[in-house]
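# Observations on the model geometry
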Amino acid sequence: MRGLTLRSAAVIAAVAAGLACRDRAATRTPAAGDAPQAAGVADLGMIAPDFSVVDLSGHTLNLASYRGKVVLLDFWATWCVPCREEIPHFVRLQDKYRDAGLAVIGISVDDEVAPVREYYRTLRMNYPVAMGDAALAERYGGILGVPVAFMIDRQGRIRMKHAGQTDAAVFERDITELLGSR
Amino acid sequence: MRFLHYRTLACLCFALALVPTVLTAQGAQTRISTTEMVKALQLPKAQRPLVIQIGFRVMFQQAHIPGAEYIGPGSDASAIDQLRKRMQPLPRNTFVVLYCGCCPWDRCPNVAPAAQALAAMGFTNAKVLYIPNDFGTDWASKGYPVQKGG
(Lines give C-alpha, C1' and ligand atoms only; values in the text may rest on other atoms or scores of the structure.)
Protein backbone atom coordinates (compact mmCIF):
# COMPACT_ATOMS: atom_id res chain seq x y z
CA MET A 1 0.00 0.00 0.00
CA ARG A 2 2.84 2.28 0.97
CA GLY A 3 4.64 1.28 -2.22
CA LEU A 4 1.56 2.15 -4.20
CA THR A 5 1.29 5.53 -2.50
CA LEU A 6 4.95 6.23 -3.16
CA ARG A 7 4.59 5.17 -6.77
CA SER A 8 1.49 7.35 -7.18
CA ALA A 9 3.40 10.28 -5.73
CA ALA A 10 6.27 9.61 -8.11
CA VAL A 11 3.91 9.47 -11.09
CA ILE A 12 2.25 12.74 -10.05
CA ALA A 13 5.65 14.36 -9.57
CA ALA A 14 6.81 13.11 -12.97
CA VAL A 15 3.68 14.43 -14.69
CA ALA A 16 4.07 17.77 -12.93
CA ALA A 17 7.72 17.92 -13.96
CA GLY A 18 6.76 17.04 -17.52
CA LEU A 19 4.20 19.83 -17.64
CA ALA A 20 6.71 22.24 -16.18
CA CYS A 21 9.22 21.23 -18.85
CA ARG A 22 6.74 21.64 -21.69
CA ASP A 23 7.70 25.27 -22.16
CA ARG A 24 10.67 25.13 -19.90
CA ALA A 25 12.34 28.36 -20.84
CA ALA A 26 9.87 30.88 -22.07
CA THR A 27 11.32 34.34 -21.83
CA ARG A 28 9.84 37.55 -23.12
CA THR A 29 10.63 41.22 -23.15
CA PRO A 30 8.26 43.91 -21.97
CA ALA A 31 6.22 45.91 -24.48
CA ALA A 32 7.76 47.46 -27.58
CA GLY A 33 9.43 50.76 -27.00
CA ASP A 34 10.95 49.79 -23.68
CA ALA A 35 14.71 50.00 -23.34
CA PRO A 36 16.54 47.03 -24.86
CA GLN A 37 17.67 44.53 -22.26
CA ALA A 38 21.27 43.68 -21.71
CA ALA A 39 22.67 41.05 -24.01
CA GLY A 40 22.88 37.59 -22.51
CA VAL A 41 19.57 35.77 -22.42
CA ALA A 42 19.25 35.21 -26.17
CA ASP A 43 19.64 38.97 -26.59
CA LEU A 44 16.00 39.65 -25.77
CA GLY A 45 15.05 43.15 -26.84
CA MET A 46 18.05 43.45 -29.12
CA ILE A 47 17.99 43.42 -32.91
CA ALA A 48 17.92 39.82 -34.11
CA PRO A 49 21.27 38.86 -35.64
CA ASP A 50 20.97 39.07 -39.39
CA PHE A 51 21.78 36.07 -41.54
CA SER A 52 21.63 35.02 -45.13
CA VAL A 53 20.91 31.41 -46.04
CA VAL A 54 19.66 29.53 -49.06
CA ASP A 55 16.38 27.80 -48.37
CA LEU A 56 15.26 24.39 -49.61
CA SER A 57 13.72 25.98 -52.69
CA GLY A 58 17.02 27.60 -53.62
CA HIS A 59 15.98 31.13 -52.69
CA THR A 60 18.27 33.35 -50.68
CA LEU A 61 16.71 34.26 -47.38
CA ASN A 62 17.93 37.41 -45.59
CA LEU A 63 16.44 38.03 -42.19
CA ALA A 64 16.87 41.79 -42.63
CA SER A 65 14.49 41.72 -45.59
CA TYR A 66 11.72 40.64 -43.21
CA ARG A 67 11.75 43.99 -41.40
CA GLY A 68 8.15 45.18 -41.10
CA LYS A 69 6.91 41.63 -40.54
CA VAL A 70 6.58 39.61 -37.36
CA VAL A 71 8.95 36.65 -37.63
CA LEU A 72 8.69 33.31 -35.89
CA LEU A 73 12.18 31.84 -36.21
CA ASP A 74 12.19 28.14 -35.37
CA PHE A 75 15.28 26.00 -34.84
CA TRP A 76 14.25 22.37 -35.26
CA ALA A 77 15.22 18.89 -36.45
CA THR A 78 13.33 16.14 -38.26
CA TRP A 79 14.12 13.48 -35.63
CA CYS A 80 13.02 15.77 -32.77
CA VAL A 81 9.56 14.67 -31.66
CA PRO A 82 8.60 17.93 -29.90
CA CYS A 83 9.74 19.88 -33.00
CA ARG A 84 7.62 17.72 -35.26
CA GLU A 85 4.60 18.25 -33.05
CA GLU A 86 4.99 22.02 -33.25
CA ILE A 87 5.31 22.27 -37.03
CA PRO A 88 1.65 21.63 -38.00
CA HIS A 89 0.74 24.49 -35.67
CA PHE A 90 3.28 26.76 -37.39
CA VAL A 91 1.80 25.81 -40.76
CA ARG A 92 -1.66 26.70 -39.50
CA LEU A 93 -0.50 29.97 -37.93
CA GLN A 94 1.36 30.93 -41.10
CA ASP A 95 -1.83 30.43 -43.11
CA LYS A 96 -3.96 32.31 -40.61
CA TYR A 97 -1.70 35.34 -40.11
CA ARG A 98 0.22 35.59 -43.38
CA ASP A 99 -1.82 38.55 -44.65
CA ALA A 100 -1.52 40.29 -41.29
CA GLY A 101 2.28 40.17 -41.58
CA LEU A 102 3.51 36.92 -40.03
CA ALA A 103 6.49 35.14 -41.54
CA VAL A 104 7.58 31.80 -40.14
CA ILE A 105 11.16 30.73 -40.89
CA GLY A 106 12.47 27.25 -40.09
CA ILE A 107 16.15 26.56 -39.51
CA SER A 108 16.91 22.85 -39.45
CA VAL A 109 19.82 21.58 -37.39
CA ASP A 110 19.73 18.15 -39.04
CA ASP A 111 23.08 16.79 -40.18
CA GLU A 112 21.76 16.03 -43.67
CA VAL A 113 19.37 17.90 -45.93
CA ALA A 114 17.63 14.85 -47.42
CA PRO A 115 15.34 14.07 -44.46
CA VAL A 116 14.53 17.77 -44.16
CA ARG A 117 13.42 17.93 -47.80
CA GLU A 118 11.29 14.83 -47.32
CA TYR A 119 9.73 16.18 -44.16
CA TYR A 120 9.12 19.56 -45.80
CA ARG A 121 7.15 17.85 -48.56
CA THR A 122 5.31 15.43 -46.30
CA LEU A 123 4.11 18.13 -43.92
CA ARG A 124 3.41 20.59 -46.74
CA MET A 125 5.33 23.24 -44.87
CA ASN A 126 4.19 26.61 -46.17
CA TYR A 127 7.15 28.68 -45.01
CA PRO A 128 10.83 28.75 -45.93
CA VAL A 129 13.19 26.25 -44.33
CA ALA A 130 16.97 26.39 -44.52
CA MET A 131 19.80 24.38 -43.03
CA GLY A 132 21.49 25.93 -40.02
CA ASP A 133 25.05 25.64 -38.77
CA ALA A 134 26.95 26.18 -35.54
CA ALA A 135 27.90 29.76 -36.44
CA LEU A 136 24.26 30.78 -36.92
CA ALA A 137 23.23 28.90 -33.78
CA GLU A 138 25.87 30.69 -31.72
CA ARG A 139 24.70 34.07 -32.96
CA TYR A 140 21.36 33.21 -31.38
CA GLY A 141 22.88 32.43 -28.01
CA GLY A 142 23.66 28.79 -28.76
CA ILE A 143 21.15 26.14 -29.78
CA LEU A 144 21.98 23.35 -27.33
CA GLY A 145 18.65 21.60 -27.53
CA VAL A 146 15.65 21.82 -29.83
CA PRO A 147 13.13 23.16 -30.49
CA VAL A 148 13.97 26.79 -29.83
CA ALA A 149 11.79 29.52 -31.28
CA PHE A 150 12.34 33.25 -31.32
CA MET A 151 9.60 35.81 -31.83
CA ILE A 152 10.91 38.86 -33.67
CA ASP A 153 8.86 42.04 -33.92
CA ARG A 154 8.33 44.30 -36.92
CA GLN A 155 11.35 46.37 -35.94
CA GLY A 156 13.53 43.27 -36.01
CA ARG A 157 13.95 42.93 -32.25
CA ILE A 158 13.87 39.58 -30.47
CA ARG A 159 10.90 39.82 -28.15
CA MET A 160 10.33 36.27 -26.90
CA LYS A 161 12.25 33.03 -26.79
CA HIS A 162 10.66 29.63 -26.30
CA ALA A 163 13.04 26.77 -25.55
CA GLY A 164 11.37 23.38 -25.61
CA GLN A 165 7.96 22.38 -26.87
CA THR A 166 5.51 25.22 -26.49
CA ASP A 167 1.74 25.27 -26.75
CA ALA A 168 0.36 26.65 -29.99
CA ALA A 169 -1.80 28.99 -27.91
CA VAL A 170 1.33 30.64 -26.52
CA PHE A 171 2.69 31.22 -30.02
CA GLU A 172 -0.64 32.58 -31.19
CA ARG A 173 -0.78 34.96 -28.23
CA ASP A 174 2.73 36.19 -29.03
CA ILE A 175 1.91 36.57 -32.71
CA THR A 176 -1.26 38.58 -32.15
CA GLU A 177 0.52 40.73 -29.59
CA LEU A 178 3.38 41.52 -31.95
CA LEU A 179 1.18 41.96 -35.00
CA GLY A 180 -0.86 44.46 -33.01
CA SER A 181 2.08 46.58 -31.92
CA ARG A 182 3.43 48.93 -34.56
CA MET B 1 -10.72 -24.80 -11.40
CA ARG B 2 -12.26 -21.41 -10.84
CA PHE B 3 -9.90 -20.89 -7.90
CA LEU B 4 -6.99 -21.65 -10.22
CA HIS B 5 -8.16 -18.98 -12.64
CA TYR B 6 -8.30 -16.46 -9.85
CA ARG B 7 -4.84 -17.44 -8.71
CA THR B 8 -3.46 -17.17 -12.24
CA LEU B 9 -5.08 -13.80 -12.65
CA ALA B 10 -3.68 -12.62 -9.32
CA CYS B 11 -0.17 -13.79 -10.29
CA LEU B 12 -0.44 -12.07 -13.64
CA CYS B 13 -1.55 -8.81 -12.02
CA PHE B 14 1.31 -9.04 -9.53
CA ALA B 15 3.84 -9.66 -12.30
CA LEU B 16 2.48 -6.76 -14.38
CA ALA B 17 2.64 -4.49 -11.34
CA LEU B 18 6.30 -5.35 -10.95
CA VAL B 19 7.25 -4.57 -14.55
CA PRO B 20 7.55 -0.78 -14.22
CA THR B 21 9.59 -1.14 -11.03
CA VAL B 22 12.02 -3.56 -12.67
CA LEU B 23 12.35 -1.40 -15.78
CA THR B 24 12.93 1.70 -13.70
CA ALA B 25 15.61 -0.06 -11.70
CA GLN B 26 17.38 -1.21 -14.87
CA GLY B 27 17.19 2.28 -16.32
CA ALA B 28 18.58 3.79 -13.15
CA GLN B 29 21.52 1.38 -13.19
CA THR B 30 22.60 2.48 -16.64
CA ARG B 31 22.21 6.19 -15.98
CA ILE B 32 24.93 8.52 -14.84
CA SER B 33 24.04 11.92 -13.44
CA THR B 34 25.67 15.14 -14.58
CA THR B 35 27.47 15.54 -11.25
CA GLU B 36 28.78 11.96 -11.41
CA MET B 37 29.87 12.64 -14.98
CA VAL B 38 31.82 15.73 -13.97
CA LYS B 39 33.64 13.59 -11.38
CA ALA B 40 34.29 10.87 -13.98
CA LEU B 41 35.94 13.43 -16.24
CA GLN B 42 38.36 14.26 -13.42
CA LEU B 43 39.53 10.67 -13.07
CA PRO B 44 43.04 9.72 -14.24
CA LYS B 45 43.00 9.50 -18.04
CA ALA B 46 43.05 5.70 -18.15
CA GLN B 47 39.94 5.52 -15.96
CA ARG B 48 37.94 8.20 -17.74
CA PRO B 49 34.96 7.04 -19.79
CA LEU B 50 34.83 7.00 -23.54
CA VAL B 51 32.22 9.69 -24.17
CA ILE B 52 30.03 9.53 -27.26
CA GLN B 53 27.56 12.19 -28.36
CA ILE B 54 24.56 10.80 -30.18
CA GLY B 55 22.74 14.08 -30.73
CA PHE B 56 23.30 16.47 -33.63
CA ARG B 57 26.44 17.94 -35.17
CA VAL B 58 25.39 21.59 -34.90
CA MET B 59 25.11 21.14 -31.14
CA PHE B 60 28.37 19.17 -30.95
CA GLN B 61 30.23 21.91 -32.82
CA GLN B 62 28.94 24.58 -30.47
CA ALA B 63 29.66 22.70 -27.26
CA HIS B 64 30.37 19.15 -26.25
CA ILE B 65 31.79 17.30 -23.30
CA PRO B 66 35.60 17.50 -23.53
CA GLY B 67 36.99 14.49 -25.34
CA ALA B 68 33.59 13.37 -26.62
CA GLU B 69 33.29 11.77 -30.03
CA TYR B 70 30.48 12.58 -32.43
CA ILE B 71 28.56 9.68 -33.91
CA GLY B 72 25.26 11.16 -35.13
CA PRO B 73 21.67 11.06 -33.95
CA GLY B 74 20.91 7.70 -32.40
CA SER B 75 17.52 7.66 -34.07
CA ASP B 76 19.34 7.34 -37.41
CA ALA B 77 20.17 3.77 -38.42
CA SER B 78 23.41 4.86 -40.08
CA ALA B 79 24.56 6.46 -36.83
CA ILE B 80 23.87 3.22 -34.99
CA ASP B 81 25.94 1.35 -37.58
CA GLN B 82 28.75 3.81 -37.03
CA LEU B 83 28.44 3.35 -33.27
CA ARG B 84 28.72 -0.43 -33.66
CA LYS B 85 31.81 -0.05 -35.84
CA ARG B 86 33.42 2.29 -33.32
CA MET B 87 32.71 0.00 -30.40
CA GLN B 88 33.32 -3.38 -32.04
CA PRO B 89 37.07 -3.65 -31.29
CA LEU B 90 36.76 -2.44 -27.68
CA PRO B 91 36.71 -4.69 -24.60
CA ARG B 92 33.16 -5.29 -23.46
CA ASN B 93 33.87 -3.85 -20.00
CA THR B 94 34.90 -0.46 -21.44
CA PHE B 95 33.51 2.43 -19.42
CA VAL B 96 31.48 4.30 -22.02
CA VAL B 97 29.02 7.15 -21.59
CA LEU B 98 26.46 8.02 -24.25
CA TYR B 99 24.79 11.38 -24.20
CA CYS B 100 22.42 13.43 -26.31
CA GLY B 101 20.61 16.35 -24.65
CA CYS B 102 18.73 17.34 -27.79
CA CYS B 103 15.35 17.28 -26.09
CA PRO B 104 13.85 16.50 -22.69
CA TRP B 105 14.85 13.03 -21.45
CA ASP B 106 11.45 11.43 -21.95
CA ARG B 107 11.16 12.75 -25.52
CA CYS B 108 14.71 12.02 -26.69
CA PRO B 109 14.65 9.69 -29.71
CA ASN B 110 18.41 9.16 -29.76
CA VAL B 111 19.43 7.70 -26.41
CA ALA B 112 17.42 4.48 -26.35
CA PRO B 113 18.50 3.04 -29.74
CA ALA B 114 22.17 3.72 -28.97
CA ALA B 115 21.97 2.27 -25.46
CA GLN B 116 20.17 -0.79 -26.81
CA ALA B 117 22.85 -1.28 -29.48
CA LEU B 118 25.60 -1.27 -26.85
CA ALA B 119 23.65 -3.62 -24.59
CA ALA B 120 23.13 -5.99 -27.51
CA MET B 121 26.87 -5.93 -28.18
CA GLY B 122 27.49 -7.01 -24.62
CA PHE B 123 28.93 -3.83 -23.14
CA THR B 124 28.59 -4.18 -19.41
CA ASN B 125 29.76 -0.75 -18.30
CA ALA B 126 27.84 1.47 -20.70
CA LYS B 127 26.04 4.41 -19.13
CA VAL B 128 23.72 7.08 -20.44
CA LEU B 129 24.13 10.62 -19.17
CA TYR B 130 20.85 11.71 -17.63
CA ILE B 131 19.98 15.11 -19.09
CA PRO B 132 16.47 16.04 -17.95
CA ASN B 133 15.90 19.08 -20.20
CA ASP B 134 18.64 19.63 -22.76
CA PHE B 135 22.41 19.92 -22.96
CA GLY B 136 22.35 23.70 -22.74
CA THR B 137 20.18 23.82 -19.63
CA ASP B 138 21.58 20.87 -17.72
CA TRP B 139 25.24 20.98 -18.69
CA ALA B 140 26.59 24.04 -20.50
CA SER B 141 24.70 26.67 -18.50
CA LYS B 142 25.74 25.02 -15.25
CA GLY B 143 29.34 25.78 -16.03
CA TYR B 144 30.35 22.16 -16.56
CA PRO B 145 33.30 21.72 -18.91
CA VAL B 146 32.67 22.03 -22.65
CA GLN B 147 34.77 21.99 -25.76
CA LYS B 148 33.97 23.56 -29.14
CA GLY B 149 34.44 22.35 -32.68
CA GLY B 150 34.53 18.95 -34.28
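So, here's what we can say about the structure. (Residues numbered from 1 in each chain as written. Chains lettered and ligands numbered in written order. Predicted model: local features only at pLDDT ≥ 70, side-chain atom pairs only at ≥ 80, totals over all residues. Heavy atoms only, no water.)

Each helix and strand in chain A was counted, giving five helices and eight strands. Secondary structure elements in chain A, listed N-terminal to C-terminal, are α-β-β-β-β-α-β-α-β-α-β-β-α. Of all 182 residues assigned to chain A, the portion counted as buried reaches 48%. Put simply, of all contacts in chain A between residues at least 6 apart along the chain, 69% involve residues at least 24 apart. When the accessible surface of chain A is summed, it comes to about 8,400 Å², and 57% of that surface belongs to carbon and sulfur atoms. (Helix = DSSP H or I, 4+ residues; strand = E, 2+ residues; numbered from the N terminus. Buried < 20%, exposed > 50% of the residue type's maximum accessible area, 1.4 Å probe, protein only. Contact = heavy atoms within 4.5 Å. Areas by Shrake-Rupley, 256 points an atom, 1.4 Å probe, with all protein chains shown as cover.)

Once that is clear, we can look at the interface of chain B and chain A. On the chain A side, the residues contacting the 27 residues of chain B number 21 residues. Approximately 1,900 Å² of surface area, both sides summed, lies buried where chain B meets chain A, with 56% of it carried by carbon and sulfur atoms. Its largest share of buried area at the contact with chain A, chain B owes to F56, Q62 and R107 of chain B, together 33% of the area lost on that side. Viewed at the interface, chain A and chain B are joined by two salt bridges. E85 of chain A is the salt-bridge partner of R107 of chain B, the closest N and O atoms lying 2.8 Å from each other. Taken together, the links from chain B to chain A amount to nine residue pairs in polar contact (both at pLDDT 80 or more). Going through the elements one at a time, α1 (2-30), α3 (57-62) and α6 (135-138) of chain B are the ones with two or more residues in the side of chain B that touches chain A. (Buried area = accessible area lost by both parts, 1.4 Å probe. Salt bridge = Lys/Arg side-chain N within 4 Å of Asp/Glu carboxyl O. Polar contact = N/O pair within 3.5 Å; in protein donor to acceptor, adjacent residues only side chain to side chain.)

Residues and elements named next belong to chain A. Tracing the sequence through the fold places D174 in helix α5 (residues 168-180). D174 sits in the buried class, given a relative accessible area of 0%. Here the alpha-carbon distance between D174 and L72, two residues 102 residues apart in the chain, equals 9.5 Å.

Residue and element names in this part refer to chain B. Following both chains from N to C, one finds helix α4 (residues 77-87) and helix α5 (residues 111-121) inclined at 35 degrees, their axes separated by 10 Å at the closest point. Considering only the axes of α4 and α5, their crossing is right-handed. In this structure, α4 uses I80, L83, R84 and M87 to contact α5, whose residues at the interface are P113, A114, A117, L118 and M121. Looking at the contact of α4 with α5 residue by residue, the class counts come to eight nonpolar, no polar and one charged. (Axes fitted to C-alpha atoms, helices over the stretch in contact; angles between N-to-C directions. Left-handed = near helix turned anticlockwise from the far one by under 90°. Nonpolar A, V, L, I, M, F, W, Y, C, P; charged D, E, K, R; others polar.)

Moving on to the state of the cysteines. Applying the stated criterion across every chain yields a total of one disulfide over all chains. Note that C80 of chain A is cross-linked by a disulfide to C83 of chain A, the S-S spacing being 2.3 Å. Between C80 of chain A and C83 of chain A, the disulfide has an S-S torsion of 80 degrees and is therefore right-handed. Here C100 of chain B stays free of any disulfide, with the sulfur of C102 of chain B as its closest cysteine sulfur at 3.5 Å. (Disulfide = S-S within 2.5 Å.)

A polar contact of 2.6 Å, which involves the side chain of D174 of chain A, links it to the side chain of H162 of chain A. Apart from residues lying up to four places away in sequence, D174 of chain A is in contact with R28, M151, M160 and H162 of chain A.

Residue and element names in this part refer to chain B. Here five strands make up an open sheet; going across it, the order is β1-β5-β4-β2-β3 and the pairing parallel. Either end of the sheet is taken by a strand with one partner, and the two such strands are β1 (31-32) and β3 (69-70). Here strand β2 (residues 50-53) pairs with strand β4 (residues 96-99) via four bridges, running parallel. Pairing of Q53 across the sheet is with Y99, part of β4. Against the sheet, α5 engages β4 and β5 (126-129), with an angle of about 160 degrees to β4. (Pairing = 2+ DSSP bridges.)

The subject of this paragraph is the environment of D55 of chain A. Residue and element names in this part refer to chain A. With respect to the helices, strands and loops of the structure, D55 is situated in the loop between β2 (52-54) and β3 (60-62). Taking the relative accessible area as the measure of exposure, D55 reaches 11% and is therefore buried. Residues in contact with D55, not counting those within four places in the same chain, are L61, P128, V129 and A130.

Taken as a whole, this structure holds 10 salt bridges over all chains when the rule is applied. For the salt bridge of K148 of chain B with E138 of chain A, the shortest nitrogen-to-oxygen distance reads 3.0 Å. Pair noted here: K148 of chain B is in the segment after α6 and E138 of chain A is in helix α4 (residues 134-139), and the two residues belong to different chains. Judged by its relative accessible area of 58%, K148 of chain B falls in the exposed class. Residue D174 of chain A is joined to R173 of chain A by a salt bridge in which the shortest nitrogen-to-oxygen separation is 3.4 Å. One salt-bridge network, held together by shared partners, links D153, R157, R159 and E177 of chain A.

Using the criterion set out here, one finds two cavities of 30 Å³ or more in the structure. Of the volumes computed, that of the second largest cavity is approximately 40 Å³. Of the residues that constitute the lining of the second largest cavity, the class distribution is seven nonpolar, one polar and no charged. (1 Å grid on protein atoms, 1.4 Å probe; cavity = no way out; pocket = protein on both sides within 12 Å on 5 of 7 lines; lining within 4 Å. Points joined across faces, edges and corners; volume = space filled by probe spheres on them.)

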